[in-house]
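So you can see what is in the structure, the chains are spelled out below.
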Amino acid sequence: RCWRSGTGLARVVRGVCGSGRVTAALRAEELAERLRRSEEQQQQQEIPKDPTQRWLRELAALSQQLQQVHPNVLAKILKQRTLYQNEEIVVIDKPYGLPVHGGPNIKNCIADVLPILAKMLENMKAAPLHLCHRLDKETTGVMVLARSKEAAEKIRLLFKTRQVEKIYWAVVLGDPDPVDGIVEIPIVEKEVQSHQSHYKMTLAPNYRLRPEDGKVMKIRKNRNAESAVTWYRRLASASACSLLELQPITGVKHQIRVHLAYGLGCPILGDHKYSHWSKLAPQKLPELTLRRLKLEQSKARHLPLHLHAHRLCLPLGQPLDFVCKPPLFFQKTLRKLELDIPKD
């Protein structure tokens, strides 16, 4: 009878197909649940038991997390890190791993959330804040924003004419010789020819030693090089590392990192870019430093850059002095390396 009745055949087909869809849906749901459980187990296995390894893993993931949050959430984070504000400026404590400007593979940066931050700090009609200077993505600490274009131009001029006093703290490998002084060597950007060609800032000195007698001789200045001057002094020394206070007199890109690594031979802890010239590889750490940090050399690539904008003095009418404590990871490193923070 079913064969004779078209409606009967249709009912049979619908019944079979319907049950097939239900079975397929159940299988898909079951498969998704299995995958989720598998991912959870894998994540649990990947979490290191050692506190140091766990801490480094969290820091390595921080930059990625900041790139994934909603711009409103990022603006809220910056609002919570506001150190000072008046009718002209807003001063923030810049977090680690957050770029100031956009670029390839960057979804979130400080520049992009300035309109949202202005509204959160003032009101919905507030004009966007303006950048006055920049810090590297991995650098933490004091950063000044302006409430108006005019204020931003005024502050940029203060930076340009070297009227702003900037003090940084850095944990470096080794001990600078002498323990305080001035590095005054021009800096230029060059392409590094290796199996992974890349660009780096490097020194372009105006002098070199004559091979035959070792005397200092002047050489032709590189036309692309920029004058760069960095004052430094050692605050503490232990565990094959030092804590340095630095004042960049000029503002060349990566100036502090280059002067410390190539000028003094004391690269910043966690500066994997400037610890080698010819290759991109994790920084090689002294045995004593690894022991104190409870770290294996193979995990050194997770170490963050230990460079912090500690203090900034802005001559805006009356001098405004802003001081910012180093982030927790920086403080933990100082304790582990037994480098004492000055009490002043």
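This structure is a prediction, so every number in the text was calculated from the model and none was measured. (Residues numbered from 1 in each chain as written. Predicted model: local features only at pLDDT ≥ 70, side-chain atom pairs only at ≥ 80, totals over all residues. Heavy atoms only, no water.)

Further remarks concern the pattern of salt bridges. Counting across every chain of the model gives twelve salt bridges. The salt bridge involving D93 is made with R81; its shortest N-O contact spans 3.4 Å. Within this pair, whereas D93 is found in strand β2 (residues 89-94), its partner R81 is found in the loop between α3 (71-80) and β1 (82-85), the two being separated by twelve residues in sequence. With a relative accessible area of 16%, D93 lands in the buried category. Between E122 and R147 there is a salt bridge; the shortest N-O distance is 3.3 Å. Within this pair, whereas E122 is found in the loop between α4 (110-121) and β3 (130-131), its partner R147 is found in the loop between β4 (140-146) and α5 (149-160), the two being separated by 25 residues in sequence. Connected through shared salt-bridge partners, D136, R257 and D271 make up one network. (Salt bridge = Lys/Arg side-chain N within 4 Å of Asp/Glu carboxyl O. Helix = DSSP H or I, 4+ residues; strand = E, 2+ residues; numbered from the N terminus. Buried < 20%, exposed > 50% of the residue type's maximum accessible area, 1.4 Å probe, protein only.)

The next subject is the nonpolar core. Ranked by size, the top nonpolar core spans 44 residues in total, and within it I110, L129, L145, L246, L260 and I268 carry the most contacts. Of all the elements, α4 adds the most residues to this core, at six residues. Per-domain counts for this core show at least three residues from each of domain 1 (56-161) and domain 2 (165-323). Setting aside its immediate chain neighbours within four residues, L129 contacts V90, L114, L117, A118, L121, L145, A146 and R147. Within the second largest apolar cluster, 23 residues are counted, among which are W55, L59, L290 and L337. (Core = buried A, V, L, I, M, F, W, Y, C linked by side-chain atoms within 4.5 Å. Domains from an automatic or database assignment. Contact = heavy atoms within 4.5 Å.)

Turning to the environment of E150, a few remarks are in order. Relative to the elements of secondary structure, E150 occurs in helix α5. Separated by 20 residues in sequence, E150 and H130 place their C-alpha atoms 9.7 Å apart.

What follows covers a nonpolar patch on the surface. A contiguous nonpolar patch, built from Y207, L209 and V216 and spanning about 340 Å² of accessible area, is present on the exposed surface. By the secondary structure assignment, L209 is in strand β9 (residues 207-209). (Patch = residues over 30% accessible without salt bridge, like charges linked within 9 Å, V, L, I, M, F, W, Y side chains within 5 Å. Areas by Shrake-Rupley, 256 points an atom, 1.4 Å probe, with all protein chains shown as cover.)

We now examine the pairing of strand β5 (residues 165-173). Counted residue by residue, β5 has eight buried out of nine residues, so it is predominantly covered. As defined by bridge partners, β5 adjoins strand β13 (residues 307-316) across six bridges and the pair is classed as antiparallel. Within β13, the position partnered with A170 by the bridge is L307. Bridge count between β5 and strand β12 (residues 241-248): six bridges; the pairing is antiparallel. Directly across from V172, in β12, lies its bridge partner S242. (Pairing = 2+ DSSP bridges.)

Below, the discussion takes up the packing of aromatic side chains. Enumeration over the complete set of coordinates arrives at four aromatic pairs. With a centroid separation of 6.0 Å and 75 degrees between ring planes, the pair formed by Y262 and Y274 is classed as edge-to-face. In this pair, Y262 is assigned in helix α6 (residues 255-263) and Y274 in the loop between α6 and α7 (287-293), connecting sequence segments twelve residues apart. According to the relative accessible area criterion, Y262 is partly exposed, its value standing at 24%. Here Y262 and W277 contribute two aromatic rings whose centre-to-centre distance is 6.2 Å and whose plane-to-plane angle is 80 degrees, an arrangement assigned as edge-to-face. Pair noted here: Y262 is in helix α6 and W277 is in the loop between α6 and α7, with a separation of 15 residues, a long-range link. Look at W277 and you get partly exposed, because its relative accessible area is 34%. (Phe/Tyr/Trp six-rings, centres within 6.5 Å; stacked < 30°, edge-to-face > 60°.)

Geometric descriptors of this kind do not, in isolation, establish any biological role.
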